[in-house]
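Spelled out, the chains give:
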2 protein chains.
Amino acid sequence: MDKTGRSKGRGTGRATLEQVAGMAGVSIMTASRALSQPQMVSEVTRVKVEQAVAELGYVPNRAARALASSQSHVIVVLVPSFSNAVFTAVLEGIHDAVAPGQYQLLIGNTYYSQAEEEKLLRTYLQSSPDGILFSSQAHSPAVAKMLEASQVPSVSMMDLSDEPGALSVGFSQFEAGMEMTRHLVKKGYRRIGFIGAQLDERTLRRADGYRAAVVEAGLADPRLELMVPEPSTIALGAELMGQMMANMPDCDAVFCCNDDLAHGAVYHCQRHGIRIPQEIAVCGFNDLPASRWMMPSLTTIDTPRYQVGFEAASLLLQVIKGQEPERKRIDLGFALRERESA
Amino acid sequence: MDKTGRSKGRGTGRATLEQVAGMAGVSIMTASRALSQPQMVSEVTRVKVEQAVAELGYVPNRAARALASSQSHVIVVLVPSFSNAVFTAVLEGIHDAVAPGQYQLLIGNTYYSQAEEEKLLRTYLQSSPDGILFSSQAHSPAVAKMLEASQVPSVSMMDLSDEPGALSVGFSQFEAGMEMTRHLVKKGYRRIGFIGAQLDERTLRRADGYRAAVVEAGLADPRLELMVPEPSTIALGAELMGQMMANMPDCDAVFCCNDDLAHGAVYHCQRHGIRIPQEIAVCGFNDLPASRWMMPSLTTIDTPRYQVGFEAASLLLQVIKGQEPERKRIDLGFALRERESA
DNA sequence: CTGAAAGCGCTTACAG
DNA sequence: CTGAAAGCGCTTACAG
């Protein structure tokens, strides 16, 4: 022990529970209880321990607690992107739902890659997480196997799962894609194109919805679908809009699979003096902040992403605590925002 | 032991190193070495252990490792916002710099609040992080004290620190604010306003730079400063632009403390038929993707945020590994992007 | 309400 | 190149 009352050697050099107990004149386990289950110790004891904690600047060692209790209080969150505003809102929702409790978030960026997801999960499983929040439903076989073996509960976010027993929070990407397209049909557009990028599962489901709606209306034409695997950006949206108009001059409306692409499409038209929606209608998906402000304002689907994160984390917390959730599949819906562009 | 070779009881139910060692016919510590320092064991041993690991689906227990080695391999990251594109880029840089190693990120959102930062740090310190990445330089006294007591190395990001010995990666917010303003002066604007929101330390430093430049040019007028504490949004930018033009009709240029506000200002003008830059010039800060696409395209300061995250994490990693960094204060600079709006 | 003992699953010097 | 022992800092039943 040196002057600060801290032992030397292998450890972290931080004050330990043992020192707290010593200073408070109680046993280690009474000190432990005074901190984690204060109602189980006497008032006097609690105060003595609290004073010792303050005096020593004691900070509990989470690794020791996790090891002894086999409860890590860690929740793993896997998102496909940090730069996509959709997922940052999801993260915010999760963060807020979890904050009151004592859970820590281990956030990983999969970059829309199943291989990356696998790598991250392999690492994060070492932390014995109490639960996992996925932004996707489709996993590689290796991930499925790890999940099965680890027995860690997980919730998938954004889309709804059809697997029995699976926990999911989101809304039907398919229905949303269909509703947006039906809106265009109802407005009288007949040559409705679809612009998609990234081609992750959500985009693909939206495209399915688009297809179902144009088939339903007898307006299907595969040549009106423009799908590329590159990440969605404003620049790409502008470029694809140019391509669409060049290749399909009779195209009278474009459904972009997200607002980033749609913004690019709108800017492209602004710069080329193409009037929206008179010459061509444009709509997007997600309702990002700029959408209601740009000119023309963008018709799009408002998605409850913050809520998705919040509710998914809440659901996971319930399951972790051993409660049976009322619903395993929580549909938060979506809303069509009709504005000037379509 | 049950059929899967896993012991029952208090633990996590996962396979342990002991079981791996048993199956491989070596001691626990040889198994440990085979995994963490493979070059220190014989080829035969290594293979046997690896086979046992695969067979049992062994996943190391990080809590146990952290406790035994007093090395958590955890890095704490504190950002003021998840929704601000600036910080998501920083996060991406950090994520990428750290990925190769074995470090895990504990990411917390301070919501621009020192009190929240304090709460988060108190919790995260329990994980005995090897290092901390801050997005701010100003800390509450309590945070300063915790940092001091914990002895955990930290790097502050975005701005440059003047404290001797402090580690920082970023660029001078002051210089950047000054350069942007000087640009407006050079372009001939004489009634240059400043619109600021959130009023975090970076914004305040940019405002200082603005002030220094208008004073330098003999153009200072406090009435041209419009500063509000609300979070920066497009909506707020539009509103503040309206206020500025109403209250200061002779204002001929506006420097918005970030691109979000500037976008709002541009949209406001578009909607009201106000010509930029003829009637009023607008510029922003950060160069978000939309800035080069909107009409008119936005003059702004391009900031190296991804690089800041990447370099800050790299610097921290160096210090954690006990290497003396070449530079403790890494200036990544910034670049003025002159476009149509100013 | 309080305590002695065992144990969580690893790693670390120290020997051989 | 390999192993027996101690220890990291907590919590968990079990007693009293």
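Reading guide: rules and limits
Residues numbered from 1 in each chain as written. Chains lettered and ligands numbered in written order. Predicted model: local features only at pLDDT ≥ 70, side-chain atom pairs only at ≥ 80, totals over all residues. Heavy atoms only, no water. UniProt positions renumbered as here; feature names shortened; annotations may be inferred. Helix = DSSP H or I, 4+ residues; strand = E, 2+ residues; numbered from the N terminus. Least-squares fit on C-alpha atoms with pLDDT ≥ 70 in both. Contact = heavy atoms within 4.5 Å. Pairing = 2+ DSSP bridges. Axes fitted to C-alpha atoms, helices over the stretch in contact; angles between N-to-C directions. Buried < 20%, exposed > 50% of the residue type's maximum accessible area, 1.4 Å probe, protein only. Right-handed = clockwise from strand over helix to strand, strands pointing away. Domains from an automatic or database assignment. Near = heavy atom within 4 Å. Polar contact = N/O pair within 3.5 Å; in protein donor to acceptor, adjacent residues only side chain to side chain. Buried area = accessible area lost by both parts, 1.4 Å probe. Salt bridge = Lys/Arg side-chain N within 4 Å of Asp/Glu carboxyl O. Nonpolar A, V, L, I, M, F, W, Y, C, P; charged D, E, K, R; others polar. Parallel < 35°, antiparallel > 145°, perpendicular 65-115°, else oblique. Left-handed = near helix turned anticlockwise from the far one by under 90°.

## A word on the UniProt feature "domain: HTH lacI-type" (unreviewed entry) in chain A
Step number 1: According to UniProt, the "domain: HTH lacI-type" (unreviewed entry) feature falls on residues 15-69 of chain A.
Step number 2: For residues 15-69 of chain A, the end-to-end C-alpha separation is 20 Å, with 71% helix and 0% strand making up the annotated structure.

## Side note on the relation of the copies chain A and chain B
Step number 1: Superposition record for chain A on chain B: RMSD 0.1 Å, screw rotation 180 degrees, translation along axis 0.0 Å. Both copies are brought into coincidence by an operation consistent with a two-fold rotation axis. Looking at the rotation axis and the C-alpha trace of chain A, the residue lying nearest is Ala63 of chain A, at 2.3 Å.
Step number 2: Both copies share a contact surface, since 100% of the interface residues of chain A are interface residues in chain B too.

## Observations regarding the sheet that holds strand 6 (residues 192-196) of chain A
Working definition: the strands of a sheet are paired by backbone hydrogen bonds and lie parallel or antiparallel to each other.
Residues and elements named next belong to chain A.
Step number 1: With parallel pairing, the four strands of this open sheet are ordered in space as 7-6-8-9. Looking at strand neighbours, the two that pair on one side only are strand 7 (225-227) and strand 9 (281-283), the edges of this open sheet. Between one strand axis and the next, the sheet turns through 15 degrees on average, direction left out of account.
Step number 2: Sheet topology note: the strand 6/strand 7 ladder contains three bridges and is parallel. Residue pairing across strands places Phe194 opposite Glu225, the latter belonging to strand 7.
Step number 3: Its contacts with the sheet place helix 9 (residues 201-216) against strand 6, strand 7 and strand 8 (253-256), and it is angled at close to 175 degrees to strand 6.
Step number 4: Taken strand by strand, helix 10 (residues 234-247) contacts strand 6, strand 7, strand 8 and strand 9, and its axis lies near 145 degrees from that of strand 6.

## Notes on the pairing of strand 3 (residues 131-134) of chain A
Step number 1: Of the two faces of strand 3 of chain A, the one carrying Gly131 and Leu133 of chain A and the one carrying Ile132 and Phe134 of chain A are both buried.
Step number 2: Handedness of the β-α-β unit built from strand 3 of chain A, helix 7 (residues 141-150) of chain A and strand 4 (residues 154-158) of chain A comes out right-handed.

## Comments concerning the domain arrangement of chain A
Frequently, the measure chosen for interface size is the accessible area that the parts lose on association.
Step number 1: As far as domains go, chain A holds domain 1 (17-60), domain 2 (74-171 + 306-333) and domain 3 (173-302).
Step number 2: Averaged C-alpha coordinates put domain 1 of chain A and domain 3 of chain A at centres separated by 62 Å.

## Topic: the protein's contact with DNA strand C
Step number 1: Lining the immediate environment of DNA strand C, one finds 27 residues, of which Met29, Thr30 and Thr45 of chain A together with Leu17 and Ser32 of chain B sit closest.
Step number 2: For DNA strand C, the fraction of protein-proximal atoms (within 4 Å) that sit in sugar or phosphate groups is 60%.
Step number 3: Between Thr45 of chain A and DNA strand C, the recorded distance is 2.6 Å, taken from a side-chain N or O atom to a phosphate oxygen.
Step number 4: The backbone of Ala68 of chain A places a nitrogen or oxygen atom 3.3 Å from a base oxygen of DNA strand C.

## Here we look at the interface of chain A and chain B
Step number 1: Taken together, the contact between chain A and chain B spans 51 residues of the former and 51 residues of the latter.
Step number 2: Among the residues chain A hides against chain B, the three largest losses belong to Gln126, Arg271 and Trp293 of chain A. Together they make up 16% of the total.
Step number 3: Between the two partners, chain A and chain B, sit two salt bridges.
Step number 4: Between Arg271 of chain B and Glu340 of chain A there is a salt bridge, with its nearest N and O atoms 3.4 Å apart.
Step number 5: On inspection of chain A and its partner chain B, the count reaches 23 residue pairs in polar contact (both at pLDDT 80 or more).
Step number 6: Those elements that provide at least two residues to the side of chain A that touches chain B are helix 4 (62-69), helix 5 (85-98), strand 2 (104-109), helix 6 (114-124), helix 10 and helix 11 (259-271) of chain A.
Step number 7: Considering only residue class, the side of chain A that touches chain B consists of 26 nonpolar, 16 polar and nine charged.

## Topic: helix 1 (residues 17-24) of chain B
All names here are of chain B.
Step number 1: Every buried residue of helix 1 is listed here: Leu17, Gln19, Val20, Ala21 and Ala24.
Step number 2: Of the surrounding secondary structure, the elements contacted by the buried residues of helix 1 are helix 2 (28-36) and helix 3 (43-56).
Step number 3: With its phi angle positive at about 70 degrees, Gly25 sits one or two positions after the end of helix 1.

## A closer look at the packing of helix 1 of chain B against helix 3 of chain B
All names here are of chain B.
Step number 1: Contact pair helix 1 / helix 3: the axes reach a minimum separation of 8 Å and the direction vectors enclose 125 degrees. As the angle between them shows, helix 1 and helix 3 are arranged oblique. Crossing of helix 1 over helix 3 shows right-handed handedness. Facing helix 1, whose interface residues are Gln19, Val20, Met23 and Ala24, helix 3 presents Lys48, Val49, Ala52, Val53, Glu55 and Leu56.
Step number 2: The class makeup of the residues in the contact of helix 1 with helix 3 is seven nonpolar, one polar and two charged.

## Brief notes about the protein's contact with DNA strand D
Step number 1: Around DNA strand D, the surrounding shell holds 28 residues, and the nearest of these are Leu17 and Ser32 of chain A together with Met29, Thr30 and Thr45 of chain B.
Step number 2: Within 4 Å of the protein, the contacting atoms of DNA strand D are drawn from sugar and phosphate to the extent of 60%.
Step number 3: Side-chain polar atom of Arg65 of chain A to a phosphate oxygen of DNA strand D: 2.9 Å apart, as the coordinates give it.
Step number 4: Contributing elements (two or more residues each) for the surface near DNA strand D: helix 2 (28-36) and helix 4 of chain A together with helix 2 and helix 4 (62-69) of chain B.
Step number 5: By residue number, the principal contributor to the surface near DNA strand D is helix 4 of chain A, which donates four residues.
Step number 6: Per-class residue counts for the surface near DNA strand D are 13 nonpolar, 11 polar and four charged.

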